[in-house]
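Fold and contact review
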Amino acid sequence: MGCLGNLLWFLCGGFISGLSWCLAGLLWCVTIIGIPVGTQCFKFASLSFFPFGKEVVYGGGAGSLLLNVIWIIVSGLPLAVEHLIFGCVLCITVIGIPFGLQHFKLAKLALMPFGADVV
């Protein structure tokens, strides 16, 4: 299911959501200070391109909390809203529920990307 799910995901909208993460990463990498944030965006862009079979584990400390607050203010909210809208639209049909759940997983990640690891 993982390979087929990832292929269908990529063709039916995963490409667009992955590009959103890449765009956010490029915008952060314009400044020298934002390069660590941009590399985190690129790491999660690969998850957004092919999310099936991968799990996100949350952790981190005070530094992650500070970066998450800055992230939400600058870039996190638009990405989270995008994933929430796609998730709600996909959950209308029975066939789209697994894809909608992946979008909800990515929406949570868009709000708190720092301190999260992809397993």
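Preceding this paragraph is the structure being described.
Residues numbered from 1 in each chain as written. Predicted model: local features only at pLDDT ≥ 70, side-chain atom pairs only at ≥ 80, totals over all residues. Heavy atoms only, no water.

A grouping of Phe15, Ile16, Leu19, Val81, Ile85, Phe86 and Val89 is seen on the molecular surface, where their side chains present a nonpolar patch of about 610 Å² in accessible area. Sorting the residues of the nonpolar patch by element identifies α1 (2-29) and α3 (62-90) as the ones contributing at least two each. The element best represented in the nonpolar patch is α3, accounting for 4 residues. Checked against the element boundaries, Leu19 lands in helix α1. Judged by relative accessible area, which is 40%, Leu19 ranks as partly exposed. (Patch = residues over 30% accessible without salt bridge, like charges linked within 9 Å, V, L, I, M, F, W, Y side chains within 5 Å. Areas by Shrake-Rupley, 256 points an atom, 1.4 Å probe, with all protein chains shown as cover. Salt bridge = Lys/Arg side-chain N within 4 Å of Asp/Glu carboxyl O. Helix = DSSP H or I, 4+ residues; strand = E, 2+ residues; numbered from the N terminus. Buried < 20%, exposed > 50% of the residue type's maximum accessible area, 1.4 Å probe, protein only.)

Relative to the assigned elements, Leu67 resides in helix α3. Given the relative accessible area of 37%, Leu67 is considered partly exposed. Between the alpha carbons of Leu67 and Val119 there is a distance of 21 Å; along the sequence they are 52 residues apart. Discounting chain neighbours no more than four positions away, the residues touching Leu67 are Val37 and Phe114. (Contact = heavy atoms within 4.5 Å.)

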